[in-house]
Structure formats: structure tokens, C-alpha cells
Amino acid sequence: MDPVGIAAGAGPGAAWQGKCPWGAPNTTSMSCSLADVMSEQLAKELQLEEENAAFPEVVAVAEGPFITGENSDTSSDLMLAQMLQMEFDREYDAQLRREEKKINGDSKVSISFENYRKVHPYDSDSSEDEVDWQDTRHDPYRADKPTTTPRRGFIGKGKDITTKHDEVVCGRKNTARMENFAPEFQVGDGIGMDLKLSNQVFNALKQHAYSEERRSARLHEKKEHSTAEKAVDPKTRLLLYKMVNAGTLETITGCISTGKESVVFHAYGGTSAIEDKVIPAECAIKVFKTTLNEFKNRDKYIKDDYRFKDRFSKLNPRKIIRMWAEKEMHNLTRMQHAGIPCPEVVILKKHVLVMSFIGQDQVPAPKLKDVTLSSEDMKNAYYQVLNMMQQLYKECNLVHADLSEYNMLWHDGKVWLIDVSQSVEPTHPHGLEFLFRDCKNVSQFFQKGGVAEALNERELFNAVSGLNITADNEVDFQEEIEALEKRNEDHVQNHGKKQSMFSSNGDPPIYDE
Ligand code: ADP
Ligand code: MN
């Protein structure tokens, strides 16, 4: 059959065409050969193209939408597959749990199916995820210790005595121990066929199983890191996708900023309110990077923060990163209550924080360092910053701890504070040092900017903290600050947190979470 002939045929052919279940053949697309159509390479390329269209790696603001309700719904097989897989995994695990329960019943000795679960505890999205799995659950990556012969080296009595050297017992035990290898490691049904492994064979197998386990962990890590470097990893994309799907966000238009620790996206707010609160028309999405390297040097901010103290040591790295996002949310909320111009929190999901967008029509407000202000505005900005620092300290019981012209935006004739994930309470063991550093940045910026009224860093420090440190040079001043921190730390050790010596009024934080 010659398709070109049919398509070209006018008259009677046209009537026939209307009935053809395949419609009119498209003559223009006939140019590729059968080999092309069948080519896996081509299929892969097309699939990739499609996926890239739905989730470009880093999108400039001007280029079309990043994720919208329409395109992510149908155009990415990958995303669809992931959604389905998630559903499947959850159902599978539920079934597994039922079976586990049925088998164990009321028996005192129970068998755990934990290793066979599809959803890793800290990947799951459910509320039980908020429980620290390391405390409450069996660690799926640590094999149970096999029961061994007691120290005395034998079990049983009289003629039933068996020693740890008994070959048969030992062999069986080795076979049973293989159950402790990683679940993907196929060991076969050794117990069923009463296989007895010699120590030598068992040890060789064990070595192999462990190195396999390590290899697969390495591969997994590589995959995670390479994707997170570029923009966001698949799990984050899935989170973003869900927000669009739920109507929280309308469209994610593109990336505003890629920093070391976070990526910030612009989005248009959706129509479904959250707890009766209308979602802002434009939102900023701050995605805290799940690559761990950059967060190591931030330990000191959170580790000594008493609000997080109890939780810090028990957490896995993923949780620690979520804690940064959580911290930013709490701090922004405190600031909001005090009336400090800052982004308004919309929603927090794991390591993704959605807040109101400072700026307009996808254009973020400029940072203070990038904007040229009239001397009048500059002076205004200075007094605003001074007031904000005082409010932050006294009303929010917070020190910004990364305050500079990089983290202040100029919008609507006002200075807006952003980037408060690292902010701490003044009683943090290094809180006053952080405050002093903030003061240095602020003084320097406004003095260089020609604001004659700008206090120097030491005056600013005293004005904000209400302390009266009299040292007239930086070195002595710094020393006095450290001595004060030290004394407070000792004081807190002896009398408890509420007795802190220099918190604004001795009361607990106003907006205690
Ligand atoms: P980082 O830790 O990467 O410095 P920031 O919170 O400072 O994170 O955000 C990085 C940049 O993203 C900011 O300098 C600012 O330009 C932009 N940005 C962050 N939050 C907002 C927001 N709510 N509205 C507008 N722009 C924002
Ligand atoms: Mn910043």
C-alpha cells in the first residue's frame, strides 16, 4: 500500500479518508525511516526532551513556566511514574505491615519485615515521619546481631551438650546468619535445604555482601549529589509538583537565586487557601539544599541553640536540613508578629519553605547592596534598620546573625529583612558575637553610604542590646562580649535558661513555639 498515493488522491479518495479510523495520513512526517522509528536512542531523546521541557534544570525568569498544573500533570512520564510508584510503595508497605502483624500475633518473639519495606522511613511524607526513626525504629541498615553461643562456649547439659565448635550447629548458624545481609543480596533458601556453611565460606560471603552494600550506597549517593548540584533533586521536584497539584501554587516560573545552601524560586500563588489564609499572589520558594557539604560549618548556629538542642544529636542529616527550613519559618513568624517587614510564611514542607515574594511581576526587590538610594532614602533606610535590629532583639528575642546589605531588600520605600534561618536568640552561646558582627556590617555599609548619623559598631551594639559595654576599641569590646557570653553560659548552667542575664527582660521568648 502506498500511503502517499492515498493521501494525495482527491475525489473518491477524500470520501474514503473521512471514514478511515486512522484519519488522514500525514504526508509531511513520512520522511523518517523505519530504523529511526524503532530506534531506542531516538525514543530516549524524545523522552528526555519532554522531561526537560517539564523540569528544566535551572530556568531563567523570562523563560516559560517551570512547573504548572497543566504541564506536570501529563507531560512527564517520569513524574507520573514516581507518583504511581509512591502510591504503590505505600500500599505494599501497608500490606507488609498487616502480614507482619498476622505472623507475630501475640507472640513474645516477633519477626520484623522492616528490611523489606519500600518506603524508607525518612523518605515518607506521612505524619509518622515526624517521629525520629532512629530512636523508635529498627535501623534498617544495621543487621541484628545473630544469637551466639554464650560465653561459656557450650549449651545444654550432660549428654545433650553442644559446644560452639560443633560443625553441624555452626554450619547451620552460618546459614541463618546470611539473613542479616542486605535484603537485595540473594542468599537463597539455605535454611530450607538445611545448608551448613563452613566458617571459611561464610566469611568470604560476608565480605562480599558488605562490599556490595557499600558499593550500592556509593552509587546512590553519587546520583543524589549530581542532581542536587544543578537545581533540585527529584524528591524536591515531587514536593513542588504536589504543591502545584494541591492548588497552593499556580505556576513555578523559575529560579531567582542559587546560593550555596539554598535555591530560591519564584511562583504565582494558587487559589486554595491554607487555614483560611489567602495565598499571596506571588511567592518565593526557598529550597534548602539537601547536599550536606555546605551545612557542616553551620553546626554552631543550631547545635547550641537550646530550642533545638535536644533534637540535634539524634537526627539524620536530612532532618538537620529540614530544621534549617523550620528555623527560618519560626523566625519569620516572630518577625511578622513584631511588624518587621519580612516575607510572610505560606507553608513549610520538609526542606521547602514557601513565603510571600518581595518584589513584583517576577522581579525580586533589589538587595541594599545593589540599589542606589538618594541620600534622603539612605538615611531613612538606616533608621529603619536600626529600629528593626532593636525590635528583632527586644520583641522577637532574636539576633539576625547574617545581617548585611546582602540580606536586606529595598521594596516600596522600605527595607525588608530576609534570610533568617541562622538567626539565634541573644542568649545563644555566641549570640552577642553574632550581633556584634551584624553591627559591624550595618555600620560600615551606612557610614560608607554617607549617612553621617550612623552610629559606629560599638554604639550600635549597645543601642540594640541595651547593654553598656564601655570599651573604646574593637579588640577590648570583643573580649568583653565573650566574657559576658561566658558568664551567662555559666549562669544558665546553674540557674536554667529563664534566668539568663541579658535576655531582653528575663522572660521567655514572646512567641515561643
Ligand atoms: P541564601 O541563604 O541563599 O542567601 P536567601 O534567603 O538570602 O538565601 O535568598 C537568596 C536570594 O533570593 C536573596 O538574596 C533574594 O534575592 C532572593 N529572595 C529570597 N527570598 C525572597 C523573597 N521572599 N522575595 C524575593 N526575593 C527573595
Ligand atoms: Mn542571603
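Treat the numbers as computed from the prediction; the structure is a model and nothing was measured.

Conventions we followed
Here the residue index of a chain counts from 1 through its sequence in written order. Chains and ligands are labelled sequentially in the order written, the chains with letters from A and the ligands with numbers from 1. Owing to the predicted nature of the model, reporting of local features is limited to residues with pLDDT of at least 70; listing and counting of side-chain atom pairs is limited to 80 or more, with chain, interface and lining totals taken over all residues. Water and hydrogen atoms play no part in the side-chain values, which are based on all heavy atoms of the structure. Only DSSP runs of H or I reaching four residues or more are called helices, and only runs of E reaching two or more are called strands; each is numbered from the N terminus. Exposed residues in this analysis have more than 50% of their type's maximum accessible area, buried residues have under 20%, and partly exposed residues fall in between, with area computed by a 1.4 Å probe over protein chains only. It only takes one pair of heavy atoms within 4.5 Å for two residues to be counted as in contact. Only the protein chains shown count as cover for residues, and the accessible areas themselves come from Shrake-Rupley with a 1.4 Å probe. Each residue is tested against the molecule or strand, and it is near if at least one of its non-hydrogen atoms lies within 4 Å. Here a polar contact is taken to be a pair of N or O atoms separated by no more than 3.5 Å, where protein atoms must pair a possible hydrogen donor with a possible acceptor and residues adjacent in sequence count only if both atoms sit in side chains. Under the grouping applied here, Gly and all other residues not named as nonpolar or charged are polar, the nonpolar ones being Ala, Val, Leu, Ile, Met, Phe, Trp, Tyr, Cys and Pro and the charged ones Asp, Glu, Lys and Arg. In this scheme, a helix's expected span is set at 1.5 Å multiplied by one less than its residue total. A donor here means any N, O or S atom no more than 2.8 Å from the metal (3.2 Å for Na, K and Ca); water is not included, so a site may seem to lack partners. Residue types Ala, Val, Leu, Ile, Met, Phe, Trp, Tyr and Cys, when buried and joined through side-chain atoms within 4.5 Å, form a set referred to as a nonpolar core. Domain extents, as shown, originate in an automatic or database domain assignment. Classification of ring pairs rests on two measures: the distance between centres of Phe, Tyr or Trp rings, Trp counted by its six-membered ring, which must be within 6.5 Å, and the angle between planes, read as stacked under 30 degrees, edge-to-face over 60 and tilted in between. Axis angles are defined between N-to-C directions and span 0 to 180 degrees, where every axis is a line fitted to C-alpha atoms and, for a helix, only to the segment in contact. The cut-offs work like this: below 35 degrees is roughly parallel, past 145 is roughly antiparallel, 65 to 115 is roughly perpendicular, and the gaps in between are oblique. Here, patches come from residues exposed beyond 30% relative accessible area and free of salt bridges, joined within 9 Å for like charges and within 5 Å for nonpolar side chains (Val, Leu, Ile, Met, Phe, Trp, Tyr). Any Lys or Arg side-chain nitrogen found within 4 Å of a carboxyl oxygen on Asp or Glu counts as a salt bridge. Positive charges are assigned to Lys and Arg, negative charges to Asp and Glu, while His and the chain termini are left out of the count. Positions of charges follow a simple convention, taking NZ of Lys, CZ of Arg, CG of Asp or CD of Glu. Any two strands with at least two DSSP-identified bridges between them are counted as paired. Scored from 0 to 100, pLDDT records how confident the predictor is in each individual residue.

Caption draft 1: Representation of the overall build of the protein chain. Summing up its helical and strand segments, the protein chain has 17 helices and 12 strands in all. Buried residues in the protein chain amount to 39% of all 513 residues. Sequence-distant contacts in the protein chain: of pairs separated by 6 or more residues, those separated by 24 or more amount to 62%. Working note: accessible area of the protein chain is about 29400 Å², and carbon and sulfur atoms make up 52% of it.

Caption draft 2: The environment of Val 451, seen in detail. As for its placement among the helices and strands, Val 451 is situated in the loop between α15 (431-448) and α16 (457-465). A sequence separation of 68 residues divides Val 451 from Tyr 383, and the C-alpha atoms of the two residues are 10.0 Å apart. Every residue in contact with Val 451, bar those within four places of it in the chain, is listed here: Met 378, Lys 379, Tyr 382 and Phe 446.

Caption draft 3: Quick peek at the site of ligand 1. Taken together, 15 residues lie near ligand 1, and Ser 262, Lys 286, Ile 358, Lys 367 and Asp 419 sit nearest. Contact distances for ligand 1 include 3.5 Å between an oxygen atom and a side-chain N or O atom of Lys 367. One of the side-chain N or O atoms of Asp 419 is found 2.9 Å from an oxygen atom in ligand 1. For the shell around ligand 1, the secondary-structure elements that each account for two or more residues are β5 (262-269), β6 (282-288) and β8 (352-356). Residues that form the shell around ligand 1 fall into these classes: eight nonpolar, four polar and three charged.

Caption draft 4: Representation of helix α10 (residues 234-245) in the model. With 12 residues, α10 should cover 16 Å at 1.5 Å per step; its first-to-last C-alpha distance of 16 Å lies within 8% of that length. Within α10, the full set of buried residues consists of Thr 236, Arg 237, Leu 238, Leu 239, Leu 240, Tyr 241, Met 243 and Val 244. Of the residues one or two after α10, Gly 247 is the one with positive phi, at around 85°.

Caption draft 5: Spotlight on the coordination of the manganese ion (ligand 2). The coordination sphere of the manganese ion (ligand 2), as far as protein atoms go, consists of Asn 407 (OD1) and Asp 419 (OD), spread over 2.2 Å. Placement of Asn 407 in the loop between α14 (375-394) and β11 (408-411) and of Asp 419 in the loop between β12 (414-417) and α15 is noted, with a sequence separation of 12 residues between them.

Caption draft 6: Geometry of the nonpolar core. Residues Met 389, Phe 446 and Phe 461 are the most contacted members of the largest nonpolar core, which totals 58 residues. Per-element tally for this core: the top contributor is α14, with nine residues. Residues lining this core come from more than one domain, with at least three contributed by each of domain 2 (231-364) and domain 3 (366-499). Excluding its chain neighbours within four sequence positions, the residues that come into contact with Phe 461 are Leu 432, Leu 435, Phe 436, Cys 439, Gly 466, Leu 467, Ile 469, Phe 477 and Ile 481. Ranked by size, the runner-up nonpolar core spans 20 residues in total, among them Met 243, Val 244, Ile 252 and Phe 265.

Caption draft 7: Molecular detail of the packing of aromatic side chains. Using the criterion set out here, one finds six aromatic pairs in the structure. Ring centres 5.3 Å apart and planes at 65° place the aromatic pair Tyr 382 and Phe 446 in the edge-to-face group. Here Tyr 382, found in helix α14, pairs with Phe 446, found in helix α15; they are 64 residues apart in sequence, far enough to count as distant. Grouping residues by exposure puts Tyr 382 and Phe 446 together as buried. Taken together through their ring pairs, the aromatic side chains of Tyr 382, Tyr 383, Phe 445 and Phe 446 make up a single cluster.

Caption draft 8: Structural view of the packing of α15 against helix α17 (residues 474-495). α17 packs onto α15 with a crossing angle of 150° between their chain directions and a minimal axis gap of 8 Å. Accordingly, the angle class assigned to the pair α15 and α17 is roughly antiparallel. Contact residues: Gly 431, Leu 432, Glu 433, Phe 436 and Lys 440 in α15; Glu 474, Phe 477, Gln 478, Ile 481, Glu 482, Leu 484 and Glu 485 in α17. The residue makeup of the contact of α15 with α17, split by class, is five nonpolar, two polar and five charged.

Caption draft 9: Main features of a negative patch on the surface. Side chains of Asp 472, Asp 476, Glu 479, Glu 480 and Glu 482 sit close together on the surface and give a patch of like negative charge. The residue Asp 476 is located in helix α17 in this model.

Caption draft 10: Structural view of the pairing of strand β4 (residues 249-258). Summarising the sheet, β4 and β5 pair through seven bridges and their orientation is antiparallel. Each bridged residue has a counterpart across the sheet, and for Leu 249 the counterpart in β5 is Gly 269. Hairpin connection, β4 to β5: the antiparallel pair is bridged by three residues.

Caption draft 11: Spotlight on the confidence of the model for the protein chain. The pLDDT averaged across the protein chain works out to 75; a share of 59% of its residues lies at or above 70. Low pLDDT, under 50, characterises residues 25-32; the predicted model gives this stretch four contacts beyond four residues in sequence or across chains. Note that residues 54-63 has pLDDT below 50 and, in this model, 24 contacts with residues that lie over four places away or in other chains.

Caption draft 12: The arrangement of the pattern of salt bridges in detail. Tallying each qualifying case throughout the model produces seven salt bridges. The closest approach of N and O atoms between Glu 328 and Lys 286, which form a salt bridge, is 2.9 Å. Taken together, the positions of Glu 328 in helix α13 (residues 317-338) and Lys 286 in strand β6 put the pair 42 residues apart, joining distant regions of the chain. Given a relative accessible area of 1%, Glu 328 falls into the buried group. Close ionic contact of Lys 286 with Asp 419 constitutes a salt bridge, the shortest N to O distance being 3.0 Å. Of this pair, Lys 286 sits in strand β6 while Asp 419 sits in the loop between β12 and α15; the two residues are 133 residues apart in sequence, bridging distant segments of the chain. Asp 419 shares its class with Lys 286; the two are buried.

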